[in-house]
Amino acid sequence: MKSYRKELWFNVPTRRAFINITSQVEQCLKESGIKEGLCLVNAMHITASVFINDDESGLHEDYEKWLEKLAPHEPISQYRHNRTGEDNGDAHLKRQIMGREVVVAVTEGRLDFGPWEQIFYGEFDGRRKKRVLVKIIGE
Ligand code: ZN
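1. Thoughts on the overall build of the protein
And then number 1: Along its length, the protein carries three helices and eight strands.
And then number 2: From first element to last, N terminus to C terminus, the protein shows the α and β order β-β-α-β-β-α-α-β-β-β-β.
And then number 3: Per element, the accessible surface of the protein, about 7900 Å² overall, is 51% carbon and sulfur.
And then number 4: Side chains of the protein carry 21 positive and 22 negative charges; the gap between the two charge centres is 7 Å.

Here is the structure:
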């Protein structure tokens, strides 16, 4: 069995963003040389997500509105977590909803997606360097 590991780094200039990382994960798969197996992609931070959905800007605006309704950033005093002196209580909750990781099947050297599936990095507390782990195992 072959095994491949890579960290993708991001430094998002805004507090929140959704970034399509599909081509970067495809590049990892190419480098790995693996043709049949599994590809795990996970955020390595507890205020960021990796998820799969459509690359459609209206949907991303809907996510932003929906998440902000569920866990508004302000007032920051509404979150007990922010008693630590942080201001990212909302970001931890947003990350929980959008998920930590995705697993994609690798078939004939390609990510075996369903229709319209793309991989996104969801940032909820940006403006600093953060990582995503790509781990691919197989033959
Ligand atoms: Zn925090």
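Moving on from the model shown.
2. Observations concerning the coordination of the zinc ion
And then number 1: Coordination sphere of the zinc ion, protein contribution only: His-81 (NE2), Glu-86 (OE), Asn-88 (OD1) and His-92 (NE2), at 2.0 to 2.6 Å.
And then number 2: One can describe the site at the zinc ion as irregular: its four donor atoms subtend angles covering 76 to 152 degrees at the metal.
And then number 3: Mapped onto the sequence, the residues coordinating the zinc ion show the spacing H-x4-E-x1-N-x3-H.
And then number 4: On the basis of relative accessible area, His-92 is assigned to the buried category, the value being 17%.

3. Observations regarding the pattern of salt bridges
And then number 1: Inspection of every chain in the model, using the stated rule, returns 13 salt bridges.
And then number 2: In this structure, Lys-130 and Glu-123 form a salt bridge, with 2.7 Å as the shortest nitrogen-oxygen distance. Both residues of the pair, Lys-130 and Glu-123, count as buried.
And then number 3: When salt bridges that share partners are traced, they join Arg-16, Glu-64, Glu-68, Asp-90 and Lys-94 into one network.

4. As for the side chain of His-60
And then number 1: Relative to the helices and strands, His-60 is located in helix 2 (residues 57–70).
And then number 2: A distance of 3.1 Å separates the side chain of His-60 from the backbone oxygen of Asp-54, its partner in a polar contact.
And then number 3: When neighbours within four sequence positions are excluded, His-60 is seen to be in contact with Phe-18, Asp-54, Asp-55 and Phe-120.

Analysis parameters
- Residues numbered from 1 in each chain as written.
- Predicted model: local features only at pLDDT ≥ 70, side-chain atom pairs only at ≥ 80, totals over all residues.
- Heavy atoms only, no water.
- Helix = DSSP H or I, 4+ residues; strand = E, 2+ residues; numbered from the N terminus.
- Areas by Shrake-Rupley, 256 points an atom, 1.4 Å probe, with all protein chains shown as cover.
- Lys, Arg positive; Asp, Glu negative; His and termini not counted.
- Charge placed at Lys NZ, Arg CZ, Asp CG, Glu CD.
- Donors = N, O, S within 2.8 Å, 3.2 Å for Na, K, Ca; no water.
- Tetrahedral: all angles 85-135°; square planar, octahedral: opposite > 155°, others 65-115°.
- Buried < 20%, exposed > 50% of the residue type's maximum accessible area, 1.4 Å probe, protein only.
- Salt bridge = Lys/Arg side-chain N within 4 Å of Asp/Glu carboxyl O.
- Polar contact = N/O pair within 3.5 Å; in protein donor to acceptor, adjacent residues only side chain to side chain.
- Contact = heavy atoms within 4.5 Å.

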